[in-house]
Amino acid sequence: MEKQVVDGLREVFQSGRSRPLQYRKQQLRALHRFITEHQADIEQSLKQDLHRDIYTTSIFELIGIENDIKLAESDMADWAAPQHVKKNLNSALDEVYIKPEPLGVVLIIGTWNYPWAMILQPLVGAIAAGNAAVVKPSEMSEHSARLMKELLPLYLDKEMYQVVTGGVPETQELLKQRFDHIFYTGNSPVGKLVMEAAARHLTPVTLELGGKSPCYIDKNCDIAVACRRITWGKFANCGQTCLAPDYILCEPSIQDRIVKEIQKTLQEFYKEDPKSSPDYCRIINTRHFDRVLSLMNECTIALGGENDRSQCYIAPTVLKDVLPHFKIMQEEIFGPLLPIITVNDLSEAINFINKREKPLAVYVFSSDKTAIKRMLTETSSGGVTVNDVLMHYTVNSLPFGGVGNSGMGKYHGKHTFDQLSHHRSCVIRSFAMESLNDARYPPLTAARLSKAKFFLQHQLCSCNGVCVWAVIATILAIGLLVGLIVVLI
Ligand code: NAD
């Protein structure tokens, strides 16, 4: 079944249907129409999957997808155009450029926490780059997956873009097939399985993974504003955001102040009882509910902790004096628990971060430029936001992705187009000037080698016209002048 799907898409892709930019734009417009005409259905599916309110869905999912669609529509012609590059003297008369071209059939495997953005944002780039695609939404956000399967084919070209639903067995069956790129979003252990499966066909992968993103609060900062921003980023979507600050690092002297400020903000955001707040989500299922709850075991609860398994509800929870060896510090939390770990100073915070896997994001709150600079230069992560959380995700000119254990490859805006294109190196020559090629033909001699060096080692600019001819004219003129002098002497 999966083989038939992929074979069918490849055949249509090879017919060249997706090559014209006009076709790609049409498909993107159709995707945009789908989102606008079915926004209420999408919101409803997320209400059922995650108890998500409509505003969060717009802010966290739909705006990003729409921005990427609009950008691709307006800039795709530039992105897809040949990019002329610097030449050497040897290629001075050639056309030398990079041509982005479609890869073929792309597999996009998504996760459940933002089920629409994690599938449709990569899909925008896949379409813009001229690929065919199979999309596989997560079975855990089942209402979203069902809606995608039902409605997307009504808008997009079914022979080029297909939705496959199902769980692990279906995904594994898909992974046996040969794709030209696999774009996976999910956890790191499954990321490794995806990469293993891709290796069998030498298929390149993008892995958008997670990890524990640290958040350092310097005592020299506006702690109230810092805590307001952190509370928003941590507890939105019930903590099930890959980029959410996983834990706080701070000096012991400000720990209680942080707890107090978060408490104040939680009251402002979700009122006395977050369970009855329309803005507070639920854990995706009881398996994850049990997993998240078990992470609290050894911890001292400073705020929250209330829960209700029948509703997959866990209150926004802050845990204080958490120690590095606690279970909660051994895995990504991906839920509404916010541990605070105290460190003596910035250096200890940096060491703490560097002893662990490279995270998807690092956050630092400080008014001290030196402290910020140290955090930026002495740690590594997929991205960084200073004095806020999540914001680097919202700028689609920035590449979004992880590093090391938090993933490989990048996307958003033009970066998705580039990620899902092959950048083909092209040199177009004529039959003229054959004598210049003597330098590389046998019988090779020292004189030919020095001529070859001369032509290969001299770099010219990337423009195709006037200055190349100016250089050639100068060389010829110098040659003529030298010849003339020799004759005269
Ligand atoms: P998940 O369980 O829905 O898995 C993701 C996909 O992998 C699904 O489509 C599922 O069918 C498939 N899958 C699961 N197990 C598989 C297996 N054994 N073999 C083949 N396919 C399999 O989602 P998840 O992994 O729980 O997602 C949460 C993780 O995703 C977190 O770690 C989070 O940080 C990360 N995430 C990362 C980003 C990012 O952009 N970097 C975004 C969202 C989530």
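Okay, so let's go over this structure. Keep in mind that what you see is a predicted model, and the values were worked out from it rather than measured. Every chain is numbered independently, its residues counted from 1 as its sequence is written. At least 70 in pLDDT is required for a residue's local features to be given in this predicted model, at least 80 for side-chain atom pairs to be given and counted, and no such filter applies to totals for whole chains, interfaces and linings, which use all residues. Excluded from the side-chain calculations are hydrogens and water; all other atoms, namely the structure's heavy atoms, are used.

**Overview of the pattern of salt bridges**
One side-chain nitrogen of Lys or Arg within 4 Å of one carboxyl oxygen of Asp or Glu is enough to make a salt bridge. Applying the stated criterion across every chain yields a total of 23 salt bridges. Here Glu159 makes a salt bridge to Arg17, at a shortest N to O gap of 2.7 Å. One end of the pair, Glu159, is in the loop between α6 (142-155) and β6 (161-163); the other, Arg17, is in the loop between α1 (2-14) and α2 (21-37), and 142 residues separate them in sequence. The cut-offs for exposure are 20% and 50% of the maximum accessible area for each residue type, with area from a 1.4 Å probe on protein chains only; residues under the lower value are buried, those over the upper are exposed, and the others partly exposed. The exposure class assigned to Arg17 is partly exposed, which follows from its relative accessible area of 31%. A salt bridge links Arg424 to Glu101; its shortest N-O distance comes to 3.1 Å. In this pair, Arg424 is assigned in strand β19 (residues 421-428) and Glu101 in strand β3 (residues 95-102), connecting sequence segments 323 residues apart. What makes Arg424 partly exposed here is its relative accessible area of 44%. Among the charged side chains, a network of salt bridges with common partners joins Arg17, Asp157 and Glu159. Secondary structure elements are defined from DSSP: runs of H or I of at least 4 residues count as helices, runs of E of at least 2 residues count as strands, and each element is numbered from the N terminus.

**Comments concerning the pairing of strand β14 (residues 317-320)**
What makes two strands pair is DSSP finding at least two bridges between them. Across three bridges, strand β11 (residues 300-303) lies against β14 in antiparallel orientation. Residue Leu303 lies in a different strand from β14, and its bridge partner there is Val318. Relative to strand β15 (residues 337-342), β14 runs parallel, the two sharing three bridges. Following the sheet pairing, Thr317 is matched in β15 by Leu337.

**Observations concerning the site of the ligand**
The nearness test applies per residue and asks whether one of its heavy atoms lies within 4 Å of the molecule or strand. Residues in contact with the ligand amount to 27 residues; listed here are only the nearest, Ser138, Glu139, Asn187, Leu209 and Glu332. Between Lys136 and the ligand, the recorded distance is 2.9 Å, taken from a side-chain N or O atom to an oxygen atom. Gln172 is positioned with one of its side-chain polar atoms (N or O) 3.5 Å from a nitrogen atom of the ligand. If the ligand stood free it would expose 850 Å²; the protein chains cover 94% of that surface. For the shell around the ligand, the secondary-structure elements that each account for two or more residues are α7 (168-176), β7 (181-185) and α8 (188-199). Of the residues forming the shell around the ligand, the biggest block, three residues, is contributed by α7. Classification convention: Asp, Glu, Lys, Arg as charged; Ala, Val, Leu, Ile, Met, Phe, Trp, Tyr, Cys, Pro as nonpolar; all other residues, Gly among them, as polar. Grouping the amino acids of the shell around the ligand by side-chain chemistry returns 13 nonpolar, 10 polar and four charged. Domain borders in the structure are assigned automatically or taken from a domain database. Both domains that furnish three or more residues to the shell around the ligand are identified here as domain 1 (2-209 + 413-422) and domain 2 (214-401). Polar contact is defined as a pair of N or O atoms within 3.5 Å, subject to the rule that within protein one atom must be able to donate a hydrogen and the other to accept it, and that residues adjacent in sequence are counted only when both atoms are side-chain atoms. Reported accessibility uses the Shrake-Rupley method at a 1.4 Å probe radius. Residues are deemed covered only where the shown protein chains occlude them.

**Side note on the sheet that holds strand β1 (residues 83-84)**
The strand order across the open sheet formed by three strands is β1-β3-β19, and the pairing between neighbours is antiparallel. In this open sheet, the two edge strands, each paired with only one partner strand, are β1 and β19. With two bridges joining them, β1 and β3 adopt antiparallel strand pairing. When the bridges of β3 are listed, His84 appears paired with Tyr97.

**Details of helix α9 (residues 223-235)**
Each turn of an α-helix holds 3.6 residues, which means side chains three or four residues apart point in the same direction. Over its 13 residues, α9 extends 18 Å from the first C-alpha to the last, a length consistent with the 18 Å expected when each residue adds 1.5 Å. Three or more residues of α9 are buried, namely Ile223, Ala226, Cys227, Ile230, Thr231, Gly233, Lys234 and Phe235. Note on contacts: a residue pair is in contact if any heavy atoms of the two residues lie within 4.5 Å. Looking at the packing, one finds that the buried side of α9 touches β9 (214-217), β10 (247-250), α10 (252-270), β14, β15 and β16 (361-365). Of the residues one or two after α9, Asn237 is the one with positive phi, at around 55°. Each residue after the first adds 1.5 Å to the expected span of a helix.

**Digging into the packing of aromatic side chains**
Here is the rule: rings of Phe, Tyr and Trp (six-membered ring for Trp) pair when centre to centre is within 6.5 Å. Planes less than 30 degrees apart are stacked, more than 60 are edge-to-face, and the remainder are tilted. Overall, the coordinates contain 14 aromatic pairs when judged by the stated rule. Here Tyr270 and Tyr280 contribute two aromatic rings whose centre-to-centre distance is 5.1 Å and whose plane-to-plane angle is 70°, an arrangement assigned as edge-to-face. Taken together, the positions of Tyr270 in helix α10 and Tyr280 in the loop between α10 and α11 (286-294) put the pair 10 residues apart, joining distant regions of the chain. The exposure class of Tyr280 is buried, given its relative accessible area of 0%. Here the aromatic residues Phe183, Tyr393, Phe400 and Tyr411 are joined through ring pairs into a cluster of three or more.

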